[in-house]
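Each chain is listed here by its residues.
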Amino acid sequence: MKILRLIFGCLIIFSITFTAFVGKNKIVNGGMDTTPTPYKGVISIWQVDSFEGGVGSRKQFLLKIARWYEKNNDGVLFMVTNQTEEGVKESIKNGELPDIISFGTGVDVSGFSQINIDRVSKGGKIGEECFAVAWCRGGYFLIYNPNIVSNVDNIKEIENLLVSQGQFTQPLTALTMQGIVAKNIEVKKPMDAYVKFVEGKTPFFLATQRDIFRLKNRGYEFGAVAITEFNDLYQYAVITSTDQTKRFYAQSFLQFLLEDKAQQSLSSIGMFSDFTKVDYQDDCLLAMQSAKPNYTLSAFTDAKILHELQSVSIQAVCGEKDALNKIKKLLV
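Keep in mind that this is a model prediction, so the values were computed, not measured.

(A) Representation of the nonpolar core in the model. W135, F141, I143, L161, F204, F253 and L254 are the most contacted members of the largest nonpolar core, which has 87 residues in total. Once residues within four sequence positions are removed from consideration, L161 is found in contact with L142, L172, L175, A182, N184, I185, E186, F204, F205 and L206. V48, V88, F131 and Y236 belong to the second largest nonpolar core, which has 19 residues in total.

Structure (structure tokens):
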């Protein structure tokens, strides 16, 4: 336990140092050109799915919004390609960069520049300046089997909990910050966790919007409560172009992506907006859209920190106060 505390303490110091000092070394200096020459060419976007979406494809959503943008900006075209976290790391290592990277927390991005934009999410800031914009978000839900669980009003303690956890996601941090503790916890990969829940023997399932849509499409009977105090399921975008004119149009596109028309259409992929209302008929989805989480993680949190946070969150959700205090030091 002492070794774990020492390691986590060192990681916290590393994280703070990274954000304040090392992180700035990944930033491209120079402002955005406010009077660009007319541009005819391609703006490239890498889409990295580091956590599960709702329905459909985030890549296809970006392409749809890009087509809208292109109609008003003659000659500007967009190319969106899927990338993996490892693929991004290898490409950057080889000196290859697109103009925009769309990513989730845990993906190591560099070469990005400051963004001057109207709508800002705190997870995308370094200091007081914006370097990443959150163009959509997911959310955590405490799903329950109504054939086993009769009452979830003001629930504060869970006996047996199944958890869906991705490579970088922090569901147990979300539950901890919601003030709920659990005794017996089983953590599985997202699809494995979903398959176990639909067997019908699991009372509580800590999952995401993806599982809400899976269960609805299956016609499975369930109840769900939105977990709203903490959220790390944000899809961010950074500008990585080194060309001033392309950086201008990249920022212009991100501004367009955050406008109400584009944000309200996030319902087509089962995601939520950090800025405007997205209409859903389902009560638990509406509750998630209406929520304004008080805590998140920096978009640039190191993957090692995220993996350690997953371990410490197991202790915290079991009621260990020291573990909870460690978690709070990493949140923004």
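(B) View of the side chain of S121. On the secondary structure map, S121 appears in the loop between β5 (112-113) and β6 (125-126). The exposure class of S121 is buried, given its relative accessible area of 3%. Within the structure, the side chain of S121 is placed 2.7 Å from the side chain of D274, a separation counted as a polar contact.

(C) Summary view of the side chain of T240. With respect to the element layout, T240 can be found in the loop between β14 (234-239) and α7 (244-257). A polar contact is formed between the side chain of T240 and the backbone oxygen of P98, at a distance of 2.9 Å. Every residue in contact with T240, bar those within four places of it in the chain, is listed here: L97, P98, D99, I100, I101, S110, G111 and F112.

(D) Representation of the sheet that holds strand β12 (residues 204-208). Spatial strand order, β11-β10-β12-β9-β13: five strands in an open sheet with mixed pairing. The two strands at the open ends of the sheet, each matched to only one other strand, are β11 (181-188) and β13 (223-227). Between one strand axis and the next, the sheet turns by 30 degrees as a mean value, whatever way the strands run. In this structure, strand β9 (residues 140-144) lies alongside β12, joined through five bridges in antiparallel fashion. When the bridges of β12 are listed, I143 appears paired with F205. In the packing of helix α9 (residues 283-290) onto the sheet, contacts are made with β9 and β13, and the angle to β13 comes to roughly 0 degrees.

What counts as what
Residues numbered from 1 in each chain as written. Predicted model: local features only at pLDDT ≥ 70, side-chain atom pairs only at ≥ 80, totals over all residues. Heavy atoms only, no water. Core = buried A, V, L, I, M, F, W, Y, C linked by side-chain atoms within 4.5 Å. Buried < 20%, exposed > 50% of the residue type's maximum accessible area, 1.4 Å probe, protein only. Contact = heavy atoms within 4.5 Å. Helix = DSSP H or I, 4+ residues; strand = E, 2+ residues; numbered from the N terminus. Polar contact = N/O pair within 3.5 Å; in protein donor to acceptor, adjacent residues only side chain to side chain. Pairing = 2+ DSSP bridges. Axes fitted to C-alpha atoms, helices over the stretch in contact; angles between N-to-C directions.

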